[in-house]
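# Per-entry structural report
Next come the chains, spelled out residue by residue.
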Amino acid sequence: MDSIVVCDFDGTITKVDCINDFLGHFADKKWLEIEDDWVAGRISTVDAMHSQFDLIKGMTEEKMEKFFDSVEIDESFKAFYDYANKNKIKVVIVSDGFEYFVGQVLKRHGIEGVEVYSNKFSFENGKFEMDFPYINPSCKRKAGTCKCSFIKKFKQLYKTVYYVGDGASDFCPADKVDFLFAKNKLLDYCQKRDIPYIQYTDFNGVMNNDRFRYNNR
Ligand SMILES: [Mg+2]
Ligand SMILES: [Zn+2]
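Just so it is clear, the model here is predicted, and its values are computed rather than measured.

### Let's talk about helix H3 (residues 45–53)
- For H3, the complete set of buried residues consists of Thr45, Val46, Ala48, Met49, Gln52 and Phe53. Each buried residue of H3 lies within a common arc of 165° when the element is viewed along its axis, so the set occupies one face.

### Section: helix H8 (residues 184–193)
- Buried within H8 we find Leu186, Leu187, Tyr189 and Cys190. The buried residues of H8 all sit within an arc of 160° when viewed along its axis, so they share a single face.
- Residues of H8 that are buried sit in contact with strand S5 (160–165), strand S6 (179–182) and strand S7 (198–199).
- Directly beyond the C-terminal end of H8, a positive phi value near 55° is found at Asp194.

### Some thoughts on the pairing of S5
- Judged by how many residues are buried, S5 sits mostly within the fold: six of six residues are covered.
- Examined bridge by bridge, strand S1 (residues 3–7) and S5 share five bridges and lie parallel to one another. Each bridged residue has a counterpart across the sheet, and for Val5 the counterpart in S5 is Tyr162.
- Of the strand pairs in this sheet, S5 and S6 are connected by four bridges, and their pairing is parallel. Considered in S6, the bridge of Val164 is made with Phe181.

### Focus: the coordination of the zinc ion (ligand 2)
- The protein atoms that coordinate the zinc ion (ligand 2) are Cys139 (SG), Cys146 (SG) and Cys148 (SG), at distances spanning 2.3 Å.
- Between the donor residues of the zinc ion (ligand 2), the gaps in sequence give the motif C-x6-C-x1-C.
- Given the relative accessible area of 6%, Cys139 is considered buried.
- Look at Cys148 and you get buried, because its relative accessible area is 15%.

### A closer look at the state of the cysteines
- Tallied over the full model, the rule gives one disulfide.
- Sulfur-sulfur distance for the disulfide between Cys148 and Cys172 comes to 2.4 Å. One disulfide, between Cys148 and Cys172, carries an S-S torsion of -95° and so falls in the left-handed class. Pair noted here: Cys148 is in helix H7 (residues 147–157) and Cys172 is in the loop between S5 and S6, with a separation of 24 residues, a long-range link.

### Some thoughts on unusual backbone geometry
- Of note in this structure, Lys142 is not a glycine but carries a positive phi near 50°.
- Along the polypeptide, Lys142 turns up in the loop between strand S4 (127–131) and H7.
- For Lys142, a relative accessible area of 35% corresponds to the partly exposed category.
- Look at Asp194: it is not a glycine, yet its phi comes out positive at around 55°.
- Note on placement: Asp194 falls in the loop between H8 and S7.
- Residue Asp194 is classed as exposed on the basis of its relative accessible area of 72%.

What counts and how
Residues numbered from 1 in each chain as written. Chains lettered and ligands numbered in written order. Predicted model: local features only at pLDDT ≥ 70, side-chain atom pairs only at ≥ 80, totals over all residues. Heavy atoms only, no water. Buried < 20%, exposed > 50% of the residue type's maximum accessible area, 1.4 Å probe, protein only. Helix = DSSP H or I, 4+ residues; strand = E, 2+ residues; numbered from the N terminus. Arc of directions from axis to C-beta. Contact = heavy atoms within 4.5 Å. Pairing = 2+ DSSP bridges. Donors = N, O, S within 2.8 Å, 3.2 Å for Na, K, Ca; no water. Disulfide = S-S within 2.5 Å.

Shown next, in the form of structure tokens:
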């Protein structure tokens, strides 16, 4: 395979950031202050996630299931994923959210088999457990899953690295890929720093973009 598409999950594949949506539903409002600190890069993902999930009381399995049922995704992601598979283009999700959330949401939309690299999460006996196997102590964004480390690795394995993202967790890989698809906060970030980007609104736009088609004929 010559090409790889590295996709962010929250706000990129899902319509809204599902971790934030989850916190908005279940955590004390103080999670927003922690979020501001994280977006500004003042605190690490590990610290942010622990402090934010500590603000959730009385969680149950039922509430979690109901929440996952409610998460909407960009419906064109499935067509994009099928197209990529057919054309031998690798697609991976690298998320600074949680692998468990990604799996639960994709499963509900009939999408299976996508490779996911993300932080680990479990909910047992009323307690949240987290683990961060892809942490990189030298990561500038203090991410839980350092996306720039993955990009470095993918650059060695593939001729062309595409990236699709929307927010703060995508700032660090933004200037390290061959083609960056950006929207929302990520787009503003690139404009301010003169980082080249391709604007997109959904995966249909990525799939039909000339630069994506041209390299994968
Ligand atoms: Mg995102
Ligand atoms: Zn990093």
